[in-house]
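Letter by letter, the chains look like this.
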Amino acid sequence: MTLSTNLNENINVLKKKLPIGTSFDLITRNLYLGKTPAYWIGVNGFCRTEVLQQIFSDLQNPLYTMDNQIEDLMHFAAAKIGFAQVEACNDWDMLLRNVLSGPSLLFVEGFDYALIIDARTYPTRGIAEPDAEPVTRGARDGFVETMLFNANLIRRRVRSNQLTFAIHTVGTMSRTDVAIAYLADNVNRELLSSLSEKLDNLKISSLTMGAKSLEELLVPHKWWSPLPSVQFTERPEVACSYLMEGHILVLVDNSPLVMIFPGTIFQFTQSAEDYYKAPMVGSYFKLVRLACIPVSLFLMPLFLLISAWFPNLALKWQLLSTKPQGPLYLIFYVLAVEFILDLFKYSASTSSGRFSGALSIVSGLLIGDIAVSLNWATTEVLFYGAISLLANLSISSQEFADGLRVYRIFLLIATAIGGLPGFLTGLLLCMVSVYATPTFGGLSYFWPLYPWNGKALKTLLLRRPTASAQPSTTWDRGHLHQ
């Protein structure tokens, strides 16, 4: 649907399509450019008032409007509107999408198109270091909820003429802006084409939870796959490092999370902290963090298996300081401690920062001491549970750590029910679940183990010097499987 040359008809269409006069944040102005009637509309709070005031002042200045009638609107705009971002449009859908996104519209009598004046601004918080990815050294800026600012943070670090931000719109109601960022000369074109096509074909009303909602639309998960398929980051330098290696970034407006495609299981073991240390020190902490994965997953299930089903071995190996009280008691203690430790973590993460530290420490000391005194738990169970929790918290990706926690609970239940056969069956099912974790485009979740790439695996497992860390060309990951 296109515009009319009659200004009043265009205003009537606007009033039918937008709640003008009802919604307080829609503001309008009737203007005269010389003797030519005009109509302006914008969203209060999205418009830079000082810029618009200058534009209105210039448009209505008698020295600027010597002609009574405007015959060429584009020539008039080029000569009279001293603002960089002005374009013409005659499509109603595009105009409505723009005005609801922030730019304002100027309709002029006698012209079947309107001027889009992009003098927008968005309310936003300060660009501060993200709490979920802290580092002791390095940059203190982080992505925010405004996509343009996030693109600026990336462009500031990668000043390449190949850096491209391709814009897409997702959601029939929300019309959320989604940008694909990539280096044109260093990107998997097959993956880029598949991602762009998938974004354009999404049938969804809105992205309620921002980037997380988009991830679930792009990579649908089954309930038996708790591990993440896509890596998120709020750190610009992390996003740029993956960008330089040929990855694709996806930025979602209203979300500080940037998605990295493709995703593999080894990406969730990486931390920016390693690269602010010397190579040997960084490699050591990488290996420590990798060792925390099996500790977090297997320590409590193995303790339960040996102590409950093989008590003689438990006493021989000094896993218990007292005589075993029977498998049922031990199983109850282990599951109760797992639940309480998860409760501590959840309470500390959702509480105010002023109370979270004190809450976790005081709760751990009081409840742990009282539980042992009342014989509701044993010291050994609390000890192994605390070690498992610390190992879990040491994993850099909390989404990956949460997935491991689900596997650990499943292994504990399987071990409690079936002993050694139950543990082995649970372990097999966990391995099948990990193998079945979906990825975008069907690329291998276990790259560079499969397909094998020894050089890439060495780069992922060890902190290599900067001069040899980045590949000269994009890593070969195989072909997409649709």
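Residues numbered from 1 in each chain as written. Predicted model: local features only at pLDDT ≥ 70, side-chain atom pairs only at ≥ 80, totals over all residues. Heavy atoms only, no water.

Description of the overall build of the protein chain
The test is simple: Helix and strand definitions here come from DSSP, where helices need a minimum of 4 consecutive H or I residues and strands a minimum of 2 consecutive E residues; each element is numbered from the N-terminal end. For each residue, the accessible area found with a 1.4 Å probe, counting protein chains only, is set against the maximum for its type, and the residue is called buried under 20%, exposed over 50%, and partly exposed in between. The contact criterion used is simple: two residues touch if any of their non-hydrogen atoms lie within 4.5 Å. Accessibility throughout is a Shrake-Rupley quantity obtained with a 1.4 Å probe, and a residue counts as covered only by protein chains that appear here.
For the protein chain, the count of helices and strands is 16 helices and 10 strands. Here the protein chain holds 482 residues, and the buried ones make up 47% of them. Here the contacts in the protein chain between residues at least 6 apart in sequence split such that 65% fall between residues at least 24 apart. For the protein chain, the accessible area works out to roughly 25000 Å², and carbon and sulfur atoms hold 61% of it.

Some details on the pattern of salt bridges
Where we set the bar: Only one rule defines a salt bridge in this text: a Lys or Arg side-chain nitrogen within 4 Å of an Asp or Glu carboxyl oxygen.
A full pass over the atoms with the stated rule returns 11 salt bridges. The partner of Glu-237 in a salt bridge is Arg-235, and the shortest N-O contact between them spans 2.7 Å. According to the relative accessible area criterion, Arg-235 is buried, its value standing at 1%. Among the salt bridges present, the one from Lys-277 reaches Glu-273, with a minimum N-O distance of 3.2 Å.

Some remarks on the environment of Asn-90
Take Asn-90: it is sitting in the loop between β3 (86-89) and α4 (92-101). When its relative accessible area of 37% is taken as the criterion, Asn-90 is described as partly exposed. For the pair Asn-90 and Phe-111, spaced 21 residues apart in sequence, the C-alpha to C-alpha distance is 9.3 Å. If sequence neighbours within four positions are ignored, Asn-90 has contacts with Met-1, Thr-2, Leu-3, Asp-112 and Tyr-113.

Re the packing of aromatic side chains
Under the convention used in this document: Ring pairs shown here join Phe, Tyr and Trp side chains whose ring centres sit within 6.5 Å, with only the six-membered ring taken for Trp; geometry is labelled stacked below 30 degrees between planes, edge-to-face above 60, and tilted in between.
All chains considered together, the criterion is met by 9 aromatic pairs. Ring geometry for Phe-383 and Tyr-384: centres 5.2 Å apart, planes at 70°, overall edge-to-face. In this structure Phe-383 comes out as partly exposed when scored by relative accessible area, which is 48%. A relative accessible area of 14% means that Tyr-384 is categorised as buried. Here a set of aromatic residues connected by ring pairs shows up, and it is made of Phe-303, Phe-383 and Tyr-384.

So, the sheet that holds strand β7 (residues 176-183)
We count it as follows: At least two bridges found by DSSP between two strands is the condition for calling them paired. Helix axes are fitted to C-alpha atoms over the stretch in contact, other axes to C-alpha atoms as well, and angles between N-to-C directions run from 0 to 180 degrees.
The 5 strands are arranged β6-β7-β9-β10-β8 in an open sheet whose pairing can be described as antiparallel. A single partner strand is all that each edge strand has here, and the edge strands are β6 (163-170) and β8 (231-233). Across the sheet, the axes of successive neighbouring strands diverge by a mean angle of 25°, strand direction being ignored.

Concerning the pairing of strand β9 (residues 248-252)
The buried fraction of β9 amounts to 5 of the 5 residues, a majority that puts the element mostly inside the structure. Side chains of β9 alternate between two faces, with Ile-248, Val-250 and Val-252 and Leu-249 and Leu-251 buried alike. Of the pairings in the sheet, the one linking β7 to β9 comprises 4 bridges and is antiparallel in character. Bridging from a neighbouring strand, Ala-179 pairs with Leu-251 of β9. Where β9 lies against strand β10 (residues 258-261), 4 bridges are found, and the strand directions are antiparallel. Its bridge partner lying in β10, Ile-248 is registered against Phe-261. Hairpin connection from β9 to β10: 5 residues lie between these consecutive antiparallel strands, with Asn-254 at a positive phi of about 75°.

Observations concerning the pairing of strand β1 (residues 26-33)
One ladder, built from 8 bridges, connects β1 with strand β2 (residues 36-43); its direction is antiparallel. When the sheet's bridge partners are listed, Ile-27 is paired in β2 with Gly-42. Hairpin geometry of β1 and β2 is characterised by an intervening segment of 2 residues between the two adjacent antiparallel strands and by a positive phi of about 70° at Gly-34.

Points about the layout of surface pockets
Keep this limit in mind: Grid points spaced at 1 Å and placed over the protein atoms alone form the basis of the search, with a cavity being a set where a 1.4 Å probe fits but cannot get out and a pocket an open set showing protein on both sides within 12 Å along at least five of seven lines. Lining residues have an atom within 4 Å of a point. Grid points are joined across faces, edges and corners, and a volume is the space filled by probe spheres set on the points. As a working rule, the residues Ala, Val, Leu, Ile, Met, Phe, Trp, Tyr, Cys and Pro are called nonpolar, Asp, Glu, Lys and Arg charged, and the rest polar, with Gly in that last group.
Looking at the second largest pocket, its volume works out to about 720 Å³. Looking at the lining of the second largest pocket, the elements that each hand over two or more residues are α4, α5 (147-157), β6 and β7. Of the residues belonging to the lining of the second largest pocket, the class tally is 10 nonpolar, 6 polar and 6 charged.

Looking at the sheet that holds β3
With antiparallel pairing, the 5 strands of this open sheet are ordered in space as β1-β2-β4-β5-β3. Edge strands, defined here as strands with exactly one partner in the open sheet, are β1 and β3. Strand-to-strand twist in this sheet, taken as the mean axis angle between neighbours without regard to direction, amounts to 25°. Here α4 sits on the sheet in contact with β2, β3, β4 (104-108) and β5 (114-117), set at roughly 135° to β4.

Points about the nonpolar core
As a reminder of what qualifies: For our purposes a nonpolar core is just a set of buried Ala, Val, Leu, Ile, Met, Phe, Trp, Tyr and Cys residues, chained together by side-chain atoms within 4.5 Å.
In terms of nonpolar packing, the biggest core is built from 25 residues, with Leu-214, Leu-218, Ile-248, Met-259 and Phe-261 touching the most fellow members. Looking at this core, the elements that each hand over two or more residues are β7, α6 (189-200), α7 (211-218), β9 and β10. Here the element with the most residues in this core is α6; it accounts for 4 residues. Judged by nonpolar contacts, the second largest core, of 23 residues, contains Leu-31, Leu-73, Phe-76 and Ile-81.

Digging into the packing of α6 against α7
The condition that has to hold: In what follows, roughly perpendicular refers to angles from 65 to 115 degrees, roughly parallel to angles under 35, roughly antiparallel to angles over 145, and oblique to any angle outside these ranges.
One can describe the packing of α6 onto α7 by two numbers: an axis separation of 11 Å at closest approach and a directional angle of 105°. When the interaxial angle is binned, α6 and α7 end up roughly perpendicular. On α7, the residues that touch Leu-195, Lys-198 and Leu-199 of α6 are Leu-214, Leu-217 and Leu-218. Across the contact of α6 with α7, the residue classes break down as 5 nonpolar, no polar and 1 charged.

Topic: α4
Residues spaced three or four apart along an α-helix face the same direction, because each turn holds 3.6 residues. Turning to α4, its buried residues number three or more, namely Trp-92, Leu-95, Leu-96, Asn-98, Val-99 and Ser-101. Tucked inside the fold, the buried residues of α4 contact α1 (7-17), β2, β3, β4 and β5. With its phi angle positive at about 140°, Gly-102 sits one or two positions after the end of α4.

Considerations on the environment of Met-94
On the secondary structure map, Met-94 appears in helix α4. Take Met-94: its relative accessible area is 33%, and that puts it in the partly exposed class. Spatially, the C-alpha atoms of Met-94 and Ile-116 are 9.9 Å apart, while their sequence positions differ by 22 residues.

Nothing here speaks to function; it is all geometry.
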